[in-house]
Amino acid sequence: MQKLLIPAVIVVALLAFPSCTAETPEISSYTIADSTGDWGYPSPYTHYSRGPGYTRMSFIFETLVWKDASSFIPQLAEEWEYIAEENAYIFELRDDVSWHDGTQFTADDVVFTFDYTQQHPYQLVDNSIVEVAEAIDEYTVKLYLTRPYAPFLQDVAGTQPIMPRHIWEGIEEPEKFAAPEAVIGTGPYTLADYSKEHGSYLYKACEDYYLGTPVVDEIKFVRVSAEMIPAALKEGSISAGDIPPEVVSEMEEAGLTIITAPVAWNAKLTINHHRDPLSSRQFRQALAYAIDREALVQITQRGHALAGSPGMIPPTSDWYNPDTPQYEYDPAKAIRLLEELGYGLEDGYFIRDGEVLELELLATADFKEVGQFIMQQLEEAGIKIDFRTLEAKTVDAKVEAWDFDLAIYGHGGLYEPSILKRVIMDEGFNSARYTSNETLNQLLQAQLTEMDSEKRKDLVFQIQEVYAQDLPALTLYYPKWYWAHDGNVNLFYTMDGIASGVPIPLNRMTFVE
Amino acid sequence: MFSKRSVITYVIAFILILLLNFLLPRMMPGDPLTAIYGDEALVAMTPELEAELVERFALDQPLWQQLGAYFVALFQGELGYSYYYNAPVLSVILGRLPWTLLLVGTSLLLSTILGIVLGIESGWRRGSRTDRTLLAGLMSLNGFPDFFLGMLLLIAFGVILGVFPLAGALTPYSGLSGLALLLDVLRHLFLPVAALTLAHLGDSYLLTRNTMITVLKEPYMLTAKAKGLSQRLLKYRHAGRNSMLPVVTRTGIWMGRVVTGTLFVELVFAYPGVGYLTYEALLARDYPIIQGVFLMVAISVLVVNFLIDLSYPKLDPRVSYAY
């Protein structure tokens, strides 16, 4: 039986492109582990719609601009400029780039990519931002925008993978296009193998990459369960992987290098502001005073997090407004605010019109400790809490249907303030869907179209203040994430995340120079 | 040998299973779109993309139309197209199936054979020191869930001693082939198989031992003994074979659960099996995959049932006269 299995094990090897076989690498092999493994075929339309899926694709496909640890850097475009009066970006492209199959890369491929996404939206880029792409000459492209869009470099030029016209033209169902040609890009690596069931990838360096031969010849991605990643790192069978905060010091002692990401994700207390008594702003503020977010971080996250700012933007961010109302822990104030609303304490619980103040708190099992902590604190403040842990999709469905009082939730994307509009105003269960403050609505819209970064910063500052006053949701904490690696290459976190904000330290440029 | 009536029973059961299989996943709260794209902050979910996805997944069609399409496709041998994996369901499942079969097949074989042999020996020597030690030892092993044993084994032999690999079914891109590759696969297989075997050994052992004790009191055993048969013949052919019926049933039930029964062990060892696939598909509300896996489970239960029905008369001819 085992013998029969061996052929099944050997996954179809993909075509090796003759122009991309390295000879003298500095590091022959680098293995990266994660607990999911399979993130889809690393082509723009077949990778899964998550950060790790994008990252794997980004070793093969490149964007017009890219980022390093601190700034935007040229990639396929050497220079770019925003022309305000035309609301367009002009990009001067490199003329020494070729696709992995040897075909020359030109402006035509860029025009094609943006045309193609009009019919086939690429999942991580909003295709309504670019109205039309125009080739000025062979190596100059002009992108006209439908509206001014502040994070254009981050969300579009730095995220949209450029695809070769000669391969993708005529592909009607790109999400089913998983042929070897679907992974022909301009990047420093080519795909040598991908196995869905083993969750493994093998990349080979492209010797004649236009920025020089990559320093690592082979990159392997393998699947290792989260619990075993630290052991595998110590043993040396993998070179890098994400680790739980508890093992950080153990890993350091074992001689591994630890890096931590600027916080990008927050856990929130979502509040049903459509429902009485939570529709009262003062009531929501009382909740904020009753929860000790510092203690929450120490107890439930064992200190491996930052306490939440009620303005959502983390204190580590350049966009953070230090004047955001903070609601320092003050249970006495919470009680006073509730009393003002007509509640009276009786046997430890608040009562109004003969009814005990009772709220339902929903969370998934992941947030069980956080939920218990909040329940305890709110009960101490006199609010009776019915805490329930439910399966994730059930919580999503209840929150989406406004069938809840309080829920604990989380989402990422905090690097770029454009997230604020999406999780405050827009539809979707992880949004507060709060539209009753006209000032806030206008500010959220305006920051998205303000092309002057200083003015935009001012708008984002104002948003944090207004949002923190209204409190349609309360950010509880930002967890810290860690990666450990053997130090053979210098892994780093990209400014504001890879592309539109992936908080993973696997920038392809790490492996180039 | 097989009556028309039982064929009809199987067909009705199969159709009911197909219907349930279609309806159950859709009755779960949450829909695939929010499950796959919902909590990801990076996805630019424009109304246009949403419309395209809804159309691609056929979520805009009424339930009965989806059901109709499902049945039509099924009779053409198609299990559908996975939302999350972006691939035909059949190929996704078939990629994982050999690994699960390898894992389950090996451990099922080992736990059944060992269980029967130990059960016979133990029952034969009821009350002896061997019997008591085996009984106590295997009963306590039986109390551990398989994934817990798996973790213990993994920590002891993988992390501390470092003699077995920590994850996966083989070393990816090791460049091994032939015998070396086979050894690599076996090395990865050892701990998960050990965990499953140890956790399930108790079942077949206890069943065999119990029946063995009853069988030993049967008059035909006395007759056989009086005929002067050797102990080995008495133990294995006369008593042993008659003690196997419940174990065969248990093994059958276990085989029906092939896919789901190994879920936790596959998670612990990051083993690329169907159990883990089911878990991921449930999280992603990937209806086609869930349907595909459950259909496979249903078919295997029916087939195993059928095989057990066939094998009973062979093990104990008296079963044929039961009706």
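Up top you'll find the structure we're talking about.
Residues numbered from 1 in each chain as written. Chains lettered and ligands numbered in written order. Predicted model: local features only at pLDDT ≥ 70, side-chain atom pairs only at ≥ 80, totals over all residues.

Asks: Before we go on, may I ask you to explain the interface of chain B and chain A in this structure?
Replies: Frequently, the measure chosen for interface size is the accessible area that the parts lose on association. In this assembly, 45 residues from chain B lie in contact with 49 residues from chain A. Taken together, the elements giving at least two residues each to the side of chain B that touches chain A come down to helix 2 (32–38), helix 3 (47–56), helix 5 (89–124), helix 8 (178–216) and helix 13 (263–269) of chain B. Here the side of chain B that touches chain A gets 7 residues from one element, more than from any other, and that element is helix 5 of chain B. For the side of chain B that touches chain A, the residue count by class is 30 nonpolar, 9 polar and 6 charged. (Contact = placed C-beta atoms within 7 Å. Helix = DSSP H or I, 4+ residues; strand = E, 2+ residues; numbered from the N terminus. Nonpolar A, V, L, I, M, F, W, Y, C, P; charged D, E, K, R; others polar.)

Asks: Help me out: how do you make sense of the pairing of strand 10 (residues 216–223) of chain A in this one?
Replies: Successive side chains on a regular strand alternate, one facing one side of the sheet and the next facing the other. Residues and elements named next belong to chain A. Among the 8 residues in strand 10, 7 count as buried, and that is most of the element. Here strand 1 (residues 27–34) runs beside strand 10; their pairing, made up of 7 bridges, is parallel. Across the sheet, residue I27 finds its bridge partner in strand 10, namely V216. Here strand 9 (residues 200–205) pairs with strand 10 via 4 bridges, running antiparallel. Bridged to K204 within strand 10 is E218. (Buried ≥ 20, exposed ≤ 12 C-beta atoms within 10 Å, placed from the backbone. Pairing = 2+ DSSP bridges.)

Asks: What should I look at first to understand the sheet that holds strand 20 (residues 406–411) of chain A in this one?
Replies: Hydrogen bonding along the main chain pairs the strands of a sheet, whether they run parallel or antiparallel. Residue and element names in this part refer to chain A. Spatially, 6 strands are ordered 14-21-13-20-18-19 in an open sheet, and the strand pairing comes out mixed. Among the strands making up the open sheet, the edge pair consists of strand 14 (305–307) and strand 19 (384–389). Averaged over all adjacent pairs, the angle separating strand axes in this sheet is 25°, with direction ignored. The strands touched by helix 11 (residues 368–380) are strand 13 (266–271), strand 18 (358–363), strand 19, strand 20 and strand 21 (473–479); relative to strand 19, the strand with the most contacts, the crossing angle is about 170°. (Axes fitted to C-alpha atoms, helices over the stretch in contact; angles between N-to-C directions.)

Asks: Teacher, can you tell me more about the sheet that holds strand 1 of chain A here?
Replies: Residues and elements named next belong to chain A. Strand order in the open sheet formed by 7 strands is 8-9-10-1-11-22-12, with mixed pairing between adjacent strands. Lying at the two open borders of the sheet, with one neighbouring strand each, are strand 8 (189–195) and strand 12 (257–260). Between one strand axis and the next, the sheet turns by 20° as a mean value, whatever way the strands run. Across 4 bridges, strand 12 lies against strand 22 (residues 482–485) in antiparallel orientation. Among the inter-strand pairings, T257 is bridged to a residue of strand 22, identified as H485.

Asks: Teacher, can you tell me more about the environment of A:Y144 here?
Replies: Residue and element names in this part refer to chain A. On the secondary structure map, Y144 appears in strand 7 (residues 140–145). Classification of Y144 by C-beta neighbours within 10 Å gives partly exposed; the count is 15. Between the C-alpha atom of Y144 and that of E134, which follows or precedes it by 10 residues, the distance is 8.1 Å. In this structure Y144 touches E86, N87, A88, E131 and V132, once residues within four positions along its chain are discounted.

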